[in-house]
Amino acid sequence: MAELRQLTSLDAQFLAIESDRNYGHVGGLAIMDPSTAPGGRLTLEDLKRLVLERIHLVAPFTQRLVEVPLGIDWPYWARDEHFDIGYHCRELALPKPGSAEQLRELAGRIYSQRLDRSRPLWEIYLIHGLEGGRVGLLSKTHHAAIDGLSGSEILTALYDVSPEPRRVEPPTEAVDATAPDGMDLLAIWAKGVPRAPLNVLDRLTTVLPHVDMAISAFGLPGSSRISRTMSRLRIRLGSDEEQVIERPGLRAPRGPYGGQLSPHRVFGLGSVSLDDVKAVKNAFGVKVNDVVICLVAGAVREHLASISELPDEPLLGMIPVSVRTEEERGTFGNKVSAMIAPLPTHVEEPVERLEYVHSVMRVAKEGHDALPAEALRDLTAFVPPALHARAARMATRLAGRLTRPPWNVIVSNVPGPPIDLYLAGARLEAMYPLSIISDGIGLNVTVMSYRDSVDIGVTADREQTPEVQTLVDNMRAELADLLAAAEAG
């Protein structure tokens, strides 16, 4: 039987929430300069050949989902015995003039289609006809298979640091592609049943004091009370925990980006200077991530004010945090936690916004760092899989309708390489992240540093936020205001 890798509850949550309107994939839009490639071209055959040569370095590219009968256990990744590179690597072209607006529109159409769960959950589109002779690479990979850091590892596997591709050694062991059947997976589950009660008891005592910080449980009625009660109980029973970790009561305002999603996605794409971001950081004694969050807050404030939807209270932001250890690099899947913090959309002056961000992020980080590592790993791991899937779907449907959304905006900062990268000889000019939104949480701003730029990808719902590109323009304007304030001293 082929080697299996089981999903975690957090991996599976991205499958559970998926519907015809809520998509579970993430990706990126790379802009490539083919003039550095052999013959000055990047072809589909070049792309397929490169991927096949390195596919053993990227496990999600050859693995498909295998469900356990009756949903009694988490699904598994197993090798796809009918893998077809031609299905996953495709090409198309923009009509003239191949403008940035046309590219964003095409990206939205491609992104607004679910991945086929009977195959490995990824696709790459080679897009010809961009202005200036450039080509695009639009990638989609299911979030159940990768997080931000493991997505960067895919980048490392496929790209090179020079136009001359490095030699990649082929796999040294033969691969068993025999797919498991339902009885195989039930047998694996049955072997673990005797240990399950002990595992659950151990996890409950460690995890429940911090359940209010679980991405999947944040903001649900009763989660804060459960956490406080269990924390005090641990102290009373002689736990080594010195004090109850009190989290501030944070509530996301209703309204902004909070409706039910349509099936259509739209993107805002652009870049700002990394040197300018660092200049602001140094002038005000803050962190790069503080500056990024401030740019988002200022952009969102301006956008909501322009459409008369700016609330008096601050919006709530979710900032993903990797908890992947060095030993877990290359294992893919999701190893993330989150910091929840108010965004200063209620603050008028840019410098005051930056100071506010720096203050609240310091508090958020202190609270996050105080949590035990076990609690950050996977806070819902003890919930039965079938119940967890139903709860995740229900929470998604209710977000922004009968309940307040857990947060309004997702803000993610992914560090990238400071040097040029090449794919099949073509130079990477920019990498715009494309991410995930859901009912009640209709805005995601993800940035990735590359060379001397910060590349921005804003993911939104086309019916709720058709003018999403203005958010990128607003981020540029916010950075200009902060630079001016820094230079003025």
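Just above sits the structure.
Since we're looking at a predicted model, the values are computed, not measured. (Residues numbered from 1 in each chain as written. Predicted model: local features only at pLDDT ≥ 70, side-chain atom pairs only at ≥ 80, totals over all residues. Heavy atoms only, no water.)

Asks: Mind showing me how you'd approach the sheet that holds strand β3 (residues 63-66) here?
Replies: Sheet strands pair by backbone hydrogen bonding; their relative direction is either parallel or antiparallel. Across the sheet, which stays open at both edges, the 3 strands sit in the order β1-β4-β3 with antiparallel pairing between neighbours. Both outer strands of the open sheet, β1 (5-6) and β3, are each paired with one neighbouring strand and no more. Taken together, the 4 bridges between β3 and strand β4 (residues 76-79) define a ladder with antiparallel strand orientation. When the sheet's bridge partners are listed, R64 is paired in β4 with A78. (Pairing = 2+ DSSP bridges. Helix = DSSP H or I, 4+ residues; strand = E, 2+ residues; numbered from the N terminus.)

Asks: Is there a simple way to explain the environment of H25 in this structure?
Replies: For H25, the location among the structural elements is in strand β2 (residues 25-33). H25 sits in the buried class, given a relative accessible area of 1%. Separated by 116 residues in the primary sequence, H25 and T141 place their C-alpha atoms 5.3 Å from one another. Within the structure, H25 has its side chain in polar contact with the backbone oxygen of Y111 (distance 2.8 Å). (Buried < 20%, exposed > 50% of the residue type's maximum accessible area, 1.4 Å probe, protein only. Polar contact = N/O pair within 3.5 Å; in protein donor to acceptor, adjacent residues only side chain to side chain.)

Asks: Could you clarify how one ought to interpret helix α10 (residues 288-306) in this entry?
Replies: Turn by turn, an α-helix covers 3.6 residues, leaving residues three or four places apart pointing in a common direction. For α10, which comprises 19 residues, the first-to-last C-alpha distance of 27 Å matches the rise-based estimate of 27 Å (1.5 Å per residue) to within 8%. Counting buried residues in α10 gives 14 out of 19 residues, a clear majority hidden from the surface. Of the residues flanking the end of α10, it is S308, one or two places downstream, whose phi is positive at about 60°. (Expected span 1.5 Å × (residues − 1).)

Asks: Where do I start with a negative patch on the surface in this structure?
Replies: The grouping of E348, E349, E352, E355 and D481 at the surface amounts to a negative patch. Mapped onto the fold, E348 is located in the loop between β10 (336-343) and α11 (350-369). (Patch = residues over 30% accessible without salt bridge, like charges linked within 9 Å, V, L, I, M, F, W, Y side chains within 5 Å. Areas by Shrake-Rupley, 256 points an atom, 1.4 Å probe, with all protein chains shown as cover. Salt bridge = Lys/Arg side-chain N within 4 Å of Asp/Glu carboxyl O. Lys, Arg positive; Asp, Glu negative; His and termini not counted. Charge placed at Lys NZ, Arg CZ, Asp CG, Glu CD.)

Asks: Quick question: what am I supposed to make of the pattern of salt bridges here?
Replies: Opposite charge on two side chains lets them pair, provided their charged atoms get close. Under the defined criterion, the tally for this structure stands at 21 salt bridges. Across the salt bridge formed by E169 and R167, the nearest N and O atoms sit 3.4 Å from each other. Taking relative accessible area as the criterion, R167 reaches 67% and is therefore assigned exposed. A network of salt bridges, in which partner residues are shared, links R134, D420, R427, E429 and R451.

Asks: Please clarify how the pairing of strand β5 (residues 89-93) should be interpreted in this entry.
Replies: A regular strand carries its side chains on alternate faces of the sheet. Bridge count between β5 and strand β6 (residues 122-128): 5 bridges; the pairing is parallel. By the bridge assignment for β6, A93 is matched with H128. As for the winding sense of the linkage, the β-α-β connection from β5 through helix α4 (residues 100-111) to β6 is right-handed. (Right-handed = clockwise from strand over helix to strand, strands pointing away.)

Asks: Before we go on, may I ask you to explain the packing of α10 against helix α14 (residues 469-488) in this structure?
Replies: A pair of packed helices is characterised by two quantities: the angle between their axes and the separation of those axes. The N-to-C vectors of α10 and α14 enclose an angle of 120°; their axes lie 8 Å apart at closest approach. By the angle class used here, α10 and α14 are oblique. Note on packing geometry: the crossing formed by α10 with α14 is right-handed. Of the residues in α14, those touching α10 at C294, L295, V296, G298, A299, V300, E302 and H303 are T470, L471, N474, M475, E478, L479 and L482. Class assignment for the residues of the contact of α10 with α14 results in 9 nonpolar, 4 polar and 2 charged. (Axes fitted to C-alpha atoms, helices over the stretch in contact; angles between N-to-C directions. Parallel < 35°, antiparallel > 145°, perpendicular 65-115°, else oblique. Left-handed = near helix turned anticlockwise from the far one by under 90°. Contact = heavy atoms within 4.5 Å. Nonpolar A, V, L, I, M, F, W, Y, C, P; charged D, E, K, R; others polar.)

Asks: What's the story with the nonpolar core in this structure? I'm lost.
Replies: Soluble globular proteins: nonpolar side chains tend toward being buried together. Counting 64 residues, the largest nonpolar core has M32, L47, L137, Y159 and L423 as the members making the most contacts within it. When residues in this core are grouped by element, the largest group, 6 residues, is from strand β13 (residues 426-434). When near neighbours in sequence (up to four residues on either side) are disregarded, L137 contacts G28, L29, A30, M32, L47, I124, Y125, L126, Y159 and L423. Membership of the second largest hydrophobic core comes to 44 residues, among which are Y257, A297, V300 and M361. (Core = buried A, V, L, I, M, F, W, Y, C linked by side-chain atoms within 4.5 Å.)

Asks: Any chance you could explain the packing of aromatic side chains here in plain terms?
Replies: Inspection of every chain in the model, using the stated rule, returns 2 aromatic pairs. Summarising the aromatic geometry, the rings of F61 and W122 are spaced 3.9 Å apart at their centres and angled 10° between planes, so their arrangement reads as stacked. Here the residue F61 occupies a position in the loop between α2 (44-54) and β3, and W122 occupies one in strand β6, the gap between them amounting to 61 residues. What makes W122 buried here is its relative accessible area of 1%. For the cation-ring pair, R119 lies above Y87, with the distance from its terminal atom to the ring centre recorded as 3.8 Å. (Phe/Tyr/Trp six-rings, centres within 6.5 Å; stacked < 30°, edge-to-face > 60°. Lys NZ or Arg CZ within 6 Å of the ring centre and 35° of its normal.)

So far we have only geometry, and geometry alone does not tell us how the molecule works.
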